[in-house]
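Survey of secondary and tertiary structure
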Amino acid sequence: MLEQMLNQKVAGLVQLRLTLADKLKDTITHLNTLQSRVLDDELIRWKREQQLQGNGSQFNSNLDSIQEWCESLAEIIWLNRQQIKEAERLKQKVGLEPPGVADILPNLNNQITQLLSSLVTSTFIIEKQPPQVMKTNTRFTSTVRLLVGGKLNVHMTPPQVKVTIISEAQANALLKNDKMAKGEASGDILNNTGTMEYHQATRQLSVSFRNMQLKKIKRAEKKGTESVMDEKFSLLFQSQFSVGGGELVFQVWTLSLPVVVIVHGNQEPHAWATVTWDNAFAEPGRIPFAVPDKVAWLQVADALNMKFKAATGRLLTEENLRFLAEKAFRGGGQQQVGDYSTMMLSWSQFCKEPLPERNFTFWEWFYAVMKLTREHLRGPWIDGAIMGFIRKKQAEELLSTCANGVFLLRFSDSELGGVTIAWVGEQAEVFMLQPFTSKDFAIRSLADRISDLQHLVSLFPDVPKEQAFGKYYTPYTENQPTTSNGYVKPLLVTHVPGWGGPAGSLGGGSYPSTPQNMYQPQSPDPSVTRDTPSVASAVSDSVSRKFLSCAISDSYECKVSLGVKGMRNKGETLLNTGIRNSLKI
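A quick note: this is a predicted structure, and the numbers were derived from the prediction, not measured. (Residues numbered from 1 in each chain as written. Predicted model: local features only at pLDDT ≥ 70, side-chain atom pairs only at ≥ 80, totals over all residues. Heavy atoms only, no water.)

**Observations concerning the overall build of the chain**
For clarity, the threshold we go by: For the purposes of this entry, the term helix denotes a DSSP run of H or I that reaches at least four residues, the term strand denotes a run of E that reaches at least two, and both are numbered from the N terminus. For every residue, the accessible area (1.4 Å probe, protein chains only) is compared with the maximum for its type, and the residue is labelled buried under 20%, exposed over 50%, or partly exposed between those bounds. The Shrake-Rupley method, run with a 1.4 Å probe, gives the accessible areas here. Residue values count only the displayed protein chains as cover.
When helices and strands are counted, the chain shows 13 helices and 25 strands. With 585 residues in all, the chain has 47% of them scored as buried. For the chain, the exposed area adds up to about 29800 Å²; of that, 52% sits on carbon and sulfur atoms.

**Things to note about unusual backbone geometry**
Where the residue is not glycine, phi is negative for most of them; where a peptide bond is considered, it is trans in most cases. Looking along the chain, the bond that leaves Pro288 and enters Phe289 is cis, with omega of -20°. Between Phe460 and Pro461 the backbone carries a cis peptide bond, its omega angle lying at 5°. Mapping Pro461 onto the fold places it in the loop between β17 (458–459) and β18 (463–464). If you check the backbone angles, Asn153 has positive phi at about 55° while not being a glycine. Inspection of the secondary structure puts Asn153 in the loop between β3 (139–146) and β4 (160–167). Since its relative accessible area comes to 45%, Asn153 is described here as partly exposed.

**With respect to the pattern of salt bridges**
Two side chains that carry opposite charge are able to pair once their charged atoms sit near each other. Note the threshold: We define a salt bridge as a side-chain nitrogen of Lys or Arg found within 4 Å of a carboxyl oxygen belonging to Asp or Glu.
Within this structure, the stated rule accounts for 21 salt bridges. The partner of Glu247 in a salt bridge is Arg81, with the nearest N and O atoms 2.8 Å apart. Of this pair, Glu247 sits in the loop between β9 (233–243) and β10 (248–255) while Arg81 sits in helix α2 (residues 63–93), and the two are 166 residues apart along the sequence. Taking the relative accessible area as the measure of exposure, Arg81 reaches 5% and is therefore buried. Among the ionic pairs, Arg286 bridges to Asp278, the shortest N-O distance being 2.8 Å.

**Here we look at a nonpolar patch on the surface**
Heads up, the rule is: Think of a patch as exposed residues, more than 30% relative accessible area, with no salt bridge, where like charges cluster within 9 Å and nonpolar side chains (Val, Leu, Ile, Met, Phe, Trp, Tyr) cluster within 5 Å.
Residues Leu2, Met5 and Leu6 make up a contiguous nonpolar surface patch of roughly 300 Å² in combined accessible area. Within the fold, Leu6 resides in helix α1 (residues 2–53). When its relative accessible area of 47% is taken as the criterion, Leu6 is described as partly exposed.

**Some details on helix α4 (residues 168–177)**
Here is the rule: In this analysis, two residues are considered to be in contact whenever any of their non-hydrogen atoms come within 4.5 Å of each other.
Looking at α4, one finds that the buried residues are Gln170, Ala171, Asn172 and Leu174. On its buried side, α4 packs onto β4, β9 and β10.

**A closer look at the sheet that holds β18**
As a reminder of what qualifies: Whether two strands pair comes down to DSSP finding at least two bridges between them. Geometry is summarised by axes, namely lines fitted to C-alpha atoms with helices restricted to the contacting stretch, and by angles between N-to-C directions that run from 0 to 180 degrees.
Spatially, five strands are ordered β16-β15-β14-β17-β18 in an open sheet, and the strand pairing comes out mixed. Every other strand in the sheet has two partners, leaving β16 (430–432) and β18 as the edge strands with one partner each. Relative to β18, β17 runs antiparallel, the two sharing two bridges. The partner of Ser458 across the bridge, within β18, is Pro464. Where helix α9 (residues 362–383) meets the sheet, it contacts β14 (406–411) and β15 (419–424), and its direction lies at approximately 125° from that of β14. Running at roughly 165° to β14, helix α10 (residues 392–399) makes contact with β14, β15 and β16 of the sheet.

**Focus: the sheet that holds β10**
Here we have four strands laid out as an open sheet, ordered β6-β4-β9-β10, and antiparallel in their pairing. The sheet is open, and its two borders are formed by β6 (193–195) and β10, each paired with just one other strand. Put simply, the sheet's adjacent strands are angled 25° from each other on average, direction ignored. Direction of pairing for β4 relative to β6: antiparallel, over a ladder of three bridges.

**Things to note about the packing of aromatic side chains**
Operational definition: Only Phe, Tyr and Trp rings are paired, with Trp represented by its six-membered ring, and only when their centres lie within 6.5 Å; those with planes under 30 degrees apart are stacked, over 60 edge-to-face, the remainder tilted. Note on geometry: a ring has a charge over it if NZ (lysine) or CZ (arginine) is within 6 Å of the ring centre and within 35 degrees of the ring normal.
Within the structure shown, the criterion is met by 24 aromatic pairs. Taken together, a centroid distance of 6.2 Å and an interplanar angle of 50° make the contact between Phe350 and Phe362 tilted. One end of the pair, Phe350, is in helix α8 (residues 347–351); the other, Phe362, is in helix α9, and 12 residues separate them in sequence. Of the two residues, Phe350 and Phe362, neither departs from the other in class, the shared state being buried. The ring of Trp365 carries Lys327 above its face, with NZ or CZ at 4.5 Å from the centroid.

**Some remarks on the confidence of the model for the chain**
Low-pLDDT portions of the prediction should not be read for the details of their coordinates. Definition in use: Each residue carries a pLDDT score, the predictor's own confidence in it, on a scale running from 0 to 100.
Confidence along the chain averages 81 in pLDDT terms, with 81% of residues attaining 70 or more. A low-confidence stretch, residues 503–585 (pLDDT under 50), is modelled with 202 contacts involving residues beyond four sequence positions or located in other chains.

**Topic: helix α7 (residues 318–328)**
With eight of its 11 residues buried, α7 lies for the most part within the structure. Listed in full, the buried residues belonging to α7 are Asn320, Leu321, Phe323, Leu324, Ala325, Glu326, Lys327 and Ala328. Elements that come into contact with the buried residues of α7 comprise α6 (297–312), β13 (344–346), α8 and α9. Positive backbone phi, at 55°, marks Arg330, one or two positions downstream of α7.

**Structural notes on the nonpolar core**
The condition that has to hold: Here, nonpolar core means buried Ala, Val, Leu, Ile, Met, Phe, Trp, Tyr and Cys residues that are tied together by side-chain atoms lying within 4.5 Å of each other.
Of all hydrophobic cores here, the largest spans 60 residues; its most connected members are Trp297, Leu324, Phe350, Trp365, Phe389 and Phe469. Counting residues per element, this core draws most heavily on α9, which supplies 10 residues. Contact partners of Phe469, with chain neighbours within four places excluded, come to Pro380, Ala385, Phe407, Leu409, Leu446, Ala447, Ile450 and Leu459. Core analysis: the next-biggest nonpolar cluster, separate from the first, contains 56 residues, Ala21, Ile84, Val154 and Leu235 among them.

**Concerning the environment of Asn192**
Mapped onto the elements of the fold, Asn192 is located in the loop between β5 (187–190) and β6. Between the C-alpha atom of Asn192 and that of Lys162, which follows or precedes it by 30 residues, the distance is 5.8 Å. When sequence neighbours within four positions are dropped, the list of residues in contact with Asn192 reads Val161, Lys162, Val163, Phe209 and Met212.

**Digging into the side chain of Asn55**
Secondary-structure assignment places Asn55 in the loop between α1 and α2. Setting aside residues up to four positions removed in sequence, Asn55 forms contacts with Val275, Thr276, Asn279, Ala280, Met306 and Lys307.

**Structural notes on the pairing of β14**
Across the six residues of β14, six count as buried, placing the element largely inside the fold. Side chains of β14 alternate between two faces, with Val406, Leu408 and Arg410 and Phe407, Leu409 and Phe411 buried alike. Examined bridge by bridge, β14 and β17 share two bridges and lie parallel to one another. Paired with Val406 across the two strands is Ser458, which belongs to β17.

**Focus: the side chain of Asn279**
Within the secondary structure, Asn279 is located in helix α5 (residues 268–281). The class of Asn279 is buried, set by a relative accessible area of 0%.

**Quick notes on the environment of Gly246**
Assignment of secondary structure puts Gly246 in the loop between β9 and β10. In this structure, the C-alpha to C-alpha distance between Gly246 and Thr157, residues 89 residues apart in sequence, is 9.8 Å.

In structure tokens, the structure reads:
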């Protein structure tokens, strides 16, 4: 009877053990599903949105919520791991090994430990990415964070984080082997080590690198048309920390978004092309840093729109995007509206091959326009006062039926980062002013220049120019105070000879009246005797160059003349005129 009773108890104990193992197995299955949802869906989505932020996308970070989910996961996984270990300890204490029953506890222990390892290594993330266009010898910052650091008490022995820069090939090798060859790096970074700190108020374990600097870079050999601005690098953040009083030790690393290294500012546009293409068209789980060579125009249009909106404050319209498609595909205006949406744009068309009859690429033109608008035209662009993306021929057609003095603003096709004014003359002729660039607007703003030119009356179709640009005029007071160095500041006035005096002479505009006698002819008449010498140059015969002429008259006035381009509806003629920026002292 006693043996029978003991056998029953043993059988009951074995059954309880098997039931517990099955329940732990089910729990691990549920944890696996939940962890996959948090890491593979939510965290990957966060990383993708962080990458799109590099192209100007709105980024509403929910990283604190993801951290809460990861911390809850870490706690549940850790408790279940303790349960499994306790079940193994009790099993050894009561040495019952019924025949034909497999022991699954060691396997469950391996699975739960693997879950924890995956959670810890996946939640070592870059909260603030380093700049994706990185100039050597220039300070930059970055922040890394461990989302489960507080819950697992990692901060009890604060981990060190080291940063190195690696090439695309090295990043590939790292993913395959899960470790880097010792001492292998593609450059030298100053101030590249830091200690993770736990911030009690926010419950965040992180380290901010505030003073890193790339001193030198080792580049790979180039093939074909590759340039240094096509080459991608990545910053590798590495650390090691222990969990459970040293019971488990984790080697963790994470890679930054691709970085293009430049040494000079003139490499910036092409570098941003590489970064923009990568950010927009990188696919999840790709081999570093593979991107498609051809992309559907609709995707390219979305990327350009996002970029332009972030830089200038206003989205591009459907007409703007149609214009850009035409330019990118070298369409020349023949194709219909819907023809571009399904077409594939290649990387070469985007930023390698020059546009027809130009020495710059599509991206260089777009980048220059975006930079000009961001720095000098943001307000009028947001207001819709700048049409911008319109061909010369279309501008002529729009203005051909308009009244004298109606004008519009369009981005120059021939000059990088140039904006031109097209206006209707008295004989219904359409004229184009030589494009203004950022250098011109650094001297005098677009609004003030429009105010200066009294023959410009209404913005197309019929908006009075004061209504469109008046709020951007520079206010002027008659009694200008002297500057700290004792000099009186001069004032520049824009004037097109042959189109009437400046608006200031009529009492309007954003500057004081200017005497008319200061406007001498562009080319002084040699038969006229002058008291003061003058130096003159010919009017520019190219829209992409500006010639200066300066003359000093008896009233100590200096004139700076810029070339003007005139245009008729059926062809082009060069007006023997110039914009005259008058400097009255």
